[in-house]
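# Reading the structure
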Amino acid sequence: LKKSYIFLANGNDNKKFKGDRPPCSPSRVLHLRKIPSDATEAEVISLGLPFGKVTNLLMLKGKSQAFLEMASEEAAVTMVNYYTPVTPHLRSQPVFIQYSNHRELKTDNLPNQARAQAALQAVSAVQSGSLALPGAPTNEGTVLPGQSPVLRIIIENLFYPVTLEVLHQIFSKFGTVLKIITFTKNNQFQALLQYADPVNAHYAKMALDGQNIYNACCTLRIDFSKLTSLNVKYNNDKSRDFTRLDLPTGDGQPSLEPPMAAAFGAPGIISSPYAGAAGFAPAIGFHQATGISVPAVPGALGPLTITSSAVTGRMAIPGTSGVPGNSVLLVTNLNPDLITPHGLFILFGVYGDVHRVKIMFNKKENALVQMADASQAQLAMNHLSGQRLYGKVLRATLSKHQAVQLPREGQEDQGLTKDFSNSPLHRFKKPGSKNFQNIFPPSATLHLSNIPPSVTVDDLKNLFTEAGCSVKAFKFFQKDRKMALIQLGSVEEAIQALIELHNHDLGENHHLRVSFSKSTI
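Worth saying up front: this structure is predicted, and the values here are computed from it rather than measured.

Cut-offs used in this document
- Residues numbered from 1 in each chain as written.
- Predicted model: local features only at pLDDT ≥ 70, side-chain atom pairs only at ≥ 80, totals over all residues.
- Heavy atoms only, no water.
- Helix = DSSP H or I, 4+ residues; strand = E, 2+ residues; numbered from the N terminus.
- Contact = heavy atoms within 4.5 Å.
- Pairing = 2+ DSSP bridges.
- Axes fitted to C-alpha atoms, helices over the stretch in contact; angles between N-to-C directions.
- Parallel < 35°, antiparallel > 145°, perpendicular 65-115°, else oblique.
- Left-handed = near helix turned anticlockwise from the far one by under 90°.
- Nonpolar A, V, L, I, M, F, W, Y, C, P; charged D, E, K, R; others polar.
- Salt bridge = Lys/Arg side-chain N within 4 Å of Asp/Glu carboxyl O.
- Buried < 20%, exposed > 50% of the residue type's maximum accessible area, 1.4 Å probe, protein only.
- pLDDT = per-residue confidence, 0-100.

With respect to the helices and strands, the residue L245 is situated in the loop between strand 12 (239–241) and helix 8 (258–263). Separated by 191 residues in the primary sequence, L245 and F436 have C-alpha atoms spaced 7.9 Å apart. When residues no more than four places from it in sequence are discounted, the contact partners of L245 are N235, D373, S375, Q376 and F436.

Structure representation (structure tokens):
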């Protein structure tokens, strides 16, 4: 028994973790440390569930460690990136997650695996599409035809302010949140939240209804709304359309559309119980709050830790000293020999419009990237921090600077500062552009578009091979041959290919458009 365990926990995984140890390269197997001795298998699995299918688990109870295997490397990378700024907690204890040296978990011959396998089977039953939970009445277990993607959320016992950002952070674990409106009715703080898909709304309602956001307060009561779509006019503290970053902020009080007001008999004005409290930071350390704890259902949500940025809607992620609401990112640990301002412009431009880039003259592994606004900066930081680029793990945090200064005339700069504010390559300039709905985390599969009819499969495969990528799969879209998916050897390869080949001239006045895809081939 001991030997098998040593075999599985060998290599770097089991050495005492040191802050300066180089991170392992991404793997779909994750090494978890400091697991509380009374944590169950279902609780450990629940940490991975929001990010994709969990395919295996090994608990090393004596060592307070576990290995969690995700179905794909992309899911593991998304999970590590999510939990890097926000430490997850099990039973009020912080848990630490890093990539394992193992590429897969082989646990067939190990004893004491029955409980882990039973927990995994329970979870896969939930995830198999029917979402039917063991013991749940059938009408709750399946998505009904015509069910709305909009949830109505009432928050009871509101002892601390719950902001739009807090709701977005919690509900995003279950799928893409498109729109949120918050308002007060009958002296209760309420919200309407629209998902991209009714299945996401169904799953979120099952897991979150009745849960507390913070310990013993801020209880979520969730129902499906009669509305099937929300119409948001302003992006501000009270309402947000995440697909339309171009909306005005209004004068702070967005009014409801008449049909929507009728739907909940609300007055024409949405007001918030905490109109003046968005900057209020409660005295307790909220990024360690463990309010939403694991329900008894296997496969439901792990403890939600809320960062103080979400609690106040104003503060930066814990551990950074950036300026709240700042649109400038500090990007560190870059490869100084290969990175260029244009490369950072293209990569960060996937998540917003990049106005300026400055690579530091005296420390070329660091750069400043100025986005069009603070929400784009947050989006780029969440998706790109922790990704590998040119052999190094990139880190992004909010900068102390409010803007990137251009060099004065005659000042030596070596072309390290560039202004891209008038670039034709911005993806989000057009209001309501489809690009707003196609923002995905970096993945090994890329979406290609604007392909001219004369370009063949081999032309495109060769283009990516010459850029140093290994092409694993390729397919044109059946309905539209202008678009295709290409799967490369790793997420890092895909990031580098996107930097190199987005806007590549394919001839016939067609420039290739490259984005990350949520699909696989």
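So that's the structure; there's more coming.
Time to look at the sheet that holds strand 10 (residues 212–214). Pairing in this open sheet of six strands is antiparallel, and the strands run 10-11-7-9-8-12 from one edge to the other. On the outer flanks of this sheet lie strand 10 and strand 12, each paired with one strand and no other. Shown here is a sheet whose adjacent strand axes are inclined to one another by a mean of 25°, direction ignored. Inspection of the sheet shows strand 7 (residues 150–156) paired to strand 9 (residues 188–195) by six bridges, in the antiparallel sense. Among the inter-strand pairings, I153 is bridged to a residue of strand 9, identified as A191. Sheet contacts for helix 6 (residues 164–171): strand 7, strand 8 (177–185), strand 9, strand 10, strand 11 (217–224) and strand 12; angle to strand 8, the most-contacted strand, approximately 135°.

Here the focus is the packing of helix 10 (residues 341–348) against helix 13 (residues 491–501). Helix 13 packs onto helix 10 with a crossing angle of 110° between their chain directions and a minimal axis gap of 9 Å. On the basis of their axis angle, the class for helix 10 and helix 13 is roughly perpendicular. Crossing angle aside, the handedness with which helix 10 passes helix 13 is right-handed. Residues G343, I346 and L347 of helix 10 form the contact with helix 13, whose own contacting residues are I495, L498 and I499. Counted by class, the contact of helix 10 with helix 13 contains five nonpolar, one polar and no charged residues.

Quick look at the pattern of salt bridges now. A full pass over the atoms with the stated rule returns ten salt bridges. Linking D419 and R356 is a salt bridge whose minimum nitrogen-to-oxygen distance equals 3.4 Å. In this pair, D419 sits in strand 19 (residues 417–419) while R356 sits in strand 14 (residues 354–359), placing the two residues 63 residues apart along the sequence. Here D419 falls in the partly exposed class, since its relative accessible area comes to 36%. Connected via shared salt-bridge partners are D38, E43 and R91.

Another point: the sheet that holds strand 23 (residues 513–516). The strand order 21-22-20-23 describes an open sheet built from four strands, whose pairing is antiparallel. On the outer flanks of this sheet lie strand 21 (471–476) and strand 23, each paired with one strand and no other. Sheet twist, expressed as the average angle between the axes of neighbouring strands with direction ignored, equals 20°. Relative to strand 21, helix 12 (residues 457–466) is tilted by about 145°, and along the sheet it contacts strand 20 (445–449), strand 21 and strand 22 (484–488).

Looking at the chain, the pLDDT average stands at 77 and 76% of residues meet or exceed 70. Taking the mean pLDDT of every element in the chain, the minimum, 33, falls on helix 9 (residues 308–312) and the maximum, 97, on helix 10. Low confidence marks residues 1–21, where pLDDT is under 50. Its contacts with residues over four positions away, or in another chain, come to 33 contacts. Low confidence marks residues 128–141, where pLDDT is under 50. Its contacts with residues over four positions away, or in another chain, come to 21 contacts.

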